[in-house]
Each structure stands twice: as C-alpha cells, then as structure tokens.
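Observations on the three-dimensional arrangement
Residues per chain are reported as follows:
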Amino acid sequence: MSGLPVLRAFEAIRGRVATALGGERLAVIDLGSSRISCLIAEIRHSLLDRTLLDRDVDIYAALRVVAASSAPSAGMKDGTIHDPKATAEALRTVLRDIHDQSGITPDRALFALSGGSPRTLQTASTSAIPVRVVDDATVGRIMASCRQEIALRIRRPLHIEPLDFTRNGVPEIADPRGHGARTLGMRFGIVTVERQALERLGAVASGAGLAVSGVACAAAASGFAALTQDELDLGATVVDIGAHVTGVASFYRNRLRSVHSISIGGAAMTRDLGEAMGISFDDAEAMKVGPHAAGFSADPSILGGAGPGEPTMVLTGVIRPRVEEIFELVRAVLPTGEPRPVILTGGGSRMQGMVQAGTAVLDRRVRLGRAIRTRGASQSVLGPEFAAVNGLLAHAIRLQCEPWAEAMSTVRDGEQAFGGLRQWLRENW
Ligand SMILES: Nc1ncnc2c1ncn2[C@@H]1O[C@H](COP(=O)(O)OP(=O)(O)OP(=O)(O)O)[C@@H](O)[C@H]1O
Ligand SMILES: [Mg+2]
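Throughout what follows, the structure given in this document is the object of discussion.

Calculation notes
Residues numbered from 1 in each chain as written. Chains lettered and ligands numbered in written order. Predicted model: local features only at pLDDT ≥ 70, side-chain atom pairs only at ≥ 80, totals over all residues. Heavy atoms only, no water. Helix = DSSP H or I, 4+ residues; strand = E, 2+ residues; numbered from the N terminus. Buried < 20%, exposed > 50% of the residue type's maximum accessible area, 1.4 Å probe, protein only. Contact = heavy atoms within 4.5 Å. Near = heavy atom within 4 Å. Polar contact = N/O pair within 3.5 Å; in protein donor to acceptor, adjacent residues only side chain to side chain. Areas by Shrake-Rupley, 256 points an atom, 1.4 Å probe, with all protein chains shown as cover. Nonpolar A, V, L, I, M, F, W, Y, C, P; charged D, E, K, R; others polar. Pairing = 2+ DSSP bridges. Axes fitted to C-alpha atoms, helices over the stretch in contact; angles between N-to-C directions. Core = buried A, V, L, I, M, F, W, Y, C linked by side-chain atoms within 4.5 Å. Domains from an automatic or database assignment. Right-handed = clockwise from strand over helix to strand, strands pointing away.

Quick word on the overall build of the chain
Looking only at helices and strands, one finds 14 helices and 18 strands in the chain. Classification of the 429 residues of the chain by burial places 52% in the buried group. The contacts in the chain between residues at least 6 apart in sequence include a share of 72% that link residues at least 24 apart.

Here it is in structure tokens:
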C-alpha cells in the first residue's frame, strides 16, 4: 500500500511538540507578513495530563506566559518567506528583546505561518472484521491502517485531526468504544501546506538559532486561542485578517475541520486608501491604524464619517469595496449547511465597522475575537493580532492531551518499518 501512513505522521507531529513540552519552557512564534510575535511560557507538567480532560480541570493553565515580544517582520510576502536572511534578522531582534526582558534564550520553538497555501483533505479507513467490543486496540488498528496520498515533494501535513467513526454504516459516531461492530471506519482531516514554505521557515529558524518544534497554520492557531469551548464544539469559523493573508479555519465537535487562505488582507485596504488620497503606503497605514493621531484632514467622501457613532470607512468609505471583496471570498469557503458563527481575528479585524460589514456579507453572527485561554500575559498581547501566537500555546496542549493518545499507543507493530518515515519527517520539517 502506498501513501502517507496517517498515524505515523500524526505521531511525528505530536512527538516533536511533546519533546518541546518536556522542558521547562515553551517558545511560540507567529511569523506574520507584518509582525513577528513571540511568547515564552513556563510549563506546569502536573497539568499536562490527558486524564484531567474528564475531570473538568483547565488543562490550558499548564502554560503560563513569562515573556512576550513583537516587532515588524521583514522578508515576508503573502505570508511566506521570500528573503530568509531578512526574516531571520527580524526574528533575532524579537529574541534579543525576549532575552533582555527575561534572560531567556530559547533553543526551539513552535511556529505559526499564514502562508504556504493551506489545503484540507479527508481520508478514511474501514475494517470489515467484526469485533465484539470496540476498544482502544481496535481503534489503534484502524488508525494504523489509514493512509493518504499526499504529493510529499510538494506538500507536507501540518494538522492531522481524528474526526469521527462510521459504525455498521452509521456515520459521525464520536466514540465507538464499548459497542460491538460488524464494520468500523475512521475519518481523519489533514491540513497540508507547501513544502517550500516549511523549508524556508526551517532556514529562518536555524538562522536565528532555533530548532522547529512544529508548525501550525496561523488561522487554525487563532481559532484555538479565540473560540470558546462551545464554539469549538458546536461549530464556528475563525477569519484571521492579517496584512497579506486572510486565513479561514473552521471547527466542529472540538476538531479543526478545514483551513483556507485568501491572499488579501489589511495591506490591500491600506493601498486603496493611499491611492484614493494620493499619499504613500506608510502614511495611509498610519492614517488607517490611528486616524486621529496622524493629523490628516479626514474627507468624509473618502473615509466615511469619522465621529463617534458615524459610519466608518469600512462601511461607507473607500475601503468598503475591499472589505466586501474579502468577506465575499470568505463566504465562498465557509462550510455549507447551517450558518455557524464567525469570529474575526488578526490586525485587520481591528478596523472599525468590520463586524457590521462581515455580518452583512456573511449573513450570520459575527463577533470580534481575542485570545481567551492564555495565562500570565498582559492584555496588550491578547488582542486579535496576537490570536495566532497565543493559539500556538493551546495547540501544543491540545496535541499533548489528544483524546486518542491511548489508542495510538496500542499500535507498536511495524514500528521499525516506520522508523525511516519518522526520521524523514524530522529532517524535513
Ligand atoms: N488598529 C488597527 N486598525 C486597522 N487596521 C489595523 C489595526 N491594527 C493593525 N491593523 C492592520 O492589520 C494588519 C496586520 O495584521 P496582523 O498583525 O494580524 O498581520 P500579520 O500576521 O503580520 O500578517 P499575515 O497574517 O497576513 O501574514 C495590517 O494590515 C494593519 O494595517
Ligand atoms: Mg497573521
């Protein structure tokens, strides 16, 4: 059988994060097109226990932020690195600041990336051998038999999510254990990104003296940070509006279901504003981010009303068509079926009027998101533009506390055969 053994790839992803969580601290870094942000969190090992999930203990308290820094990024375009040297230099600046604050110099980190053209696919495996009672070992065997064709020369898996089961032909079973089964199937969701984007990230990390403990899609990470547990369970979509990329990540039954990316973000709004007003990109950016501080005379026909309670440039001004374009592209990739809420994150969500514009175009409940799970950090690093970096902390904890870890650990056959794959994944991420 050819194809990527899904379980082994998942174990490789979990294994690297587990190694990072084995130390005293975890470093997480969002390499964005406009900003690089880094958090260092202390690890409380006693709370990193999967069995606590059933006991209503807040597992996210296992990580407590002790240092944070953010600085303009460099050498990035459309969420991917095009000048690794420049990006590594910008990252070193952030790491120096972390060291000055805390004396800490991380040697490894978990990264978020908005680019790399994420794509989602699903794969399933089915066993027709009847079992009297499905247990962890049965689930482990099904997981081990699951493979997916991925053009590994071109793309690599970043997120692997065990989604659900099919028992005796009945789909969407959350947990088949304890029941008999004539046939049993299991479904995985896999998010892949372009290999080249990861290789460049690896080059940047090593240029800044860091090993890569894992990589997450920025939009997925933002969802882990900003969605409430109800939203994760009942279904919701995070729309992370960055400078050059708008990432769309959908969740349901506490699992990441899909990631899409759209190559427009806040920078396009800045360009529109600059062109309309005949000013430079930097001046337009200053005006957009702080309209009153910049000292421009606000022309209502361009900006929309500027006073309290008046329509903003998102709703009536020059930026409106661009915002509508972004939300229309988002609408095209939202999951079909009942309209689930949308949570806006990323710096672009800070534009006044985004929630109203999103509600009008997407025709569903839209709210602003911020990081809600992080401990120890000041409010200034919990805003929407920091959702992705905060979400990496939650992502690490989720991987560590994976509910099917027990089932996975029952699979040891063929370990040797997969040793090569592990080594290869280790070298190539
Ligand atoms: N207060 C604000 N009002 C309006 N726009 C803002 C505000 N703050 C930031 N932005 C916009 O948010 C964008 C940057 O967002 P963010 O920091 O999330 O991007 P990034 O993660 O660096 O980039 P990407 O995700 O595209 O790789 C910029 O276009 C910036 O103009
Ligand atoms: Mg971003």
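Description of the site of ligand 1
Neighbouring ligand 1 are 20 residues, the closest being Ser33, Ser34, Ser114, Glu285 and Gly347. Between an oxygen atom of ligand 1 and a main-chain N or O atom of glycine 348, the distance comes to 3.0 Å. Surface burial for ligand 1 is 89%, taken as the share of its 650 Å² of free accessible area covered by protein chains. When residues in the shell around ligand 1 are grouped by element, the largest group, three residues, is from helix 8 (residues 281-289). A class-by-class count of the residues in the shell around ligand 1 yields five nonpolar, 10 polar and five charged.

Focus: the sheet that holds strand 10 (residues 155-167)
Pairing within the open sheet is antiparallel, and its four strands lie in the order 8-12-10-11. The strands lining the two open edges of the sheet, one partner per strand, are strand 8 (119-127) and strand 11 (170-173). If you compare each strand with its neighbour and ignore which way they point, the axes differ by 35 degrees on average.

Focus: the environment of valine 248
Tracing the backbone through its elements, the reader meets valine 248 in strand 15 (residues 246-252). Not counting chain neighbours up to four residues away, the residues in contact with valine 248 comprise Ala219, Thr237, Val238, Val239, Ser258, Val259, His260, Ile262, Val330, Val333 and Leu334.

Focus: the nonpolar core
Ranked by size, the top nonpolar core spans 105 residues in total, and within it Leu26, Ile29, Leu31, Leu91, Phe111 and Met143 carry the most contacts. Composition of this core by domain shows at least three residues from each of domain 1 (119-194) and domain 2 (229-371). Excluding residues that lie within four positions of it along the chain, leucine 31 makes contacts with Ile36, Met76, Ile81, Thr87, Phe111, Ala112, Leu113, Ser114, Leu201 and Val204. Residues Ile241, Ile264, Leu273 and Val323 belong to the second largest nonpolar core, which totals 26 residues.

Considerations on the sheet that holds strand 7 (residues 108-113)
Spatially, the five strands line up as an open sheet ordered 4-3-2-7-13, and their pairing is mixed. What marks the edges here is a single partner per strand, and that holds for strand 4 (63-72) and strand 13 (211-217). Neighbour to neighbour, the strand axes of the sheet diverge by 20 degrees on average, direction disregarded. Sheet contacts for helix 4 (residues 195-207): strand 2 (25-31), strand 7 and strand 13; angle to strand 13, the most-contacted strand, approximately 140 degrees. Sitting on the sheet, helix 12 (residues 387-400) is in contact with strand 2, strand 3 (35-43), strand 4, strand 7 and strand 13, with an inclination near 135 degrees to strand 2.

Re the pairing of strand 17 (residues 342-345)
Neither face of strand 17 is left uncovered, since the one carrying Val342 and Leu344 and the one carrying Ile343 and Thr345 both have all their residues buried. By the bridge criterion, three bridges tie strand 17 to strand 18 (residues 366-368) in an arrangement that is parallel. Bridged to leucine 344 within strand 18 is leucine 368. In this view, the connection linking strand 17 to its parallel neighbour strand 18 by way of helix 11 (residues 354-362) has right-handed handedness.

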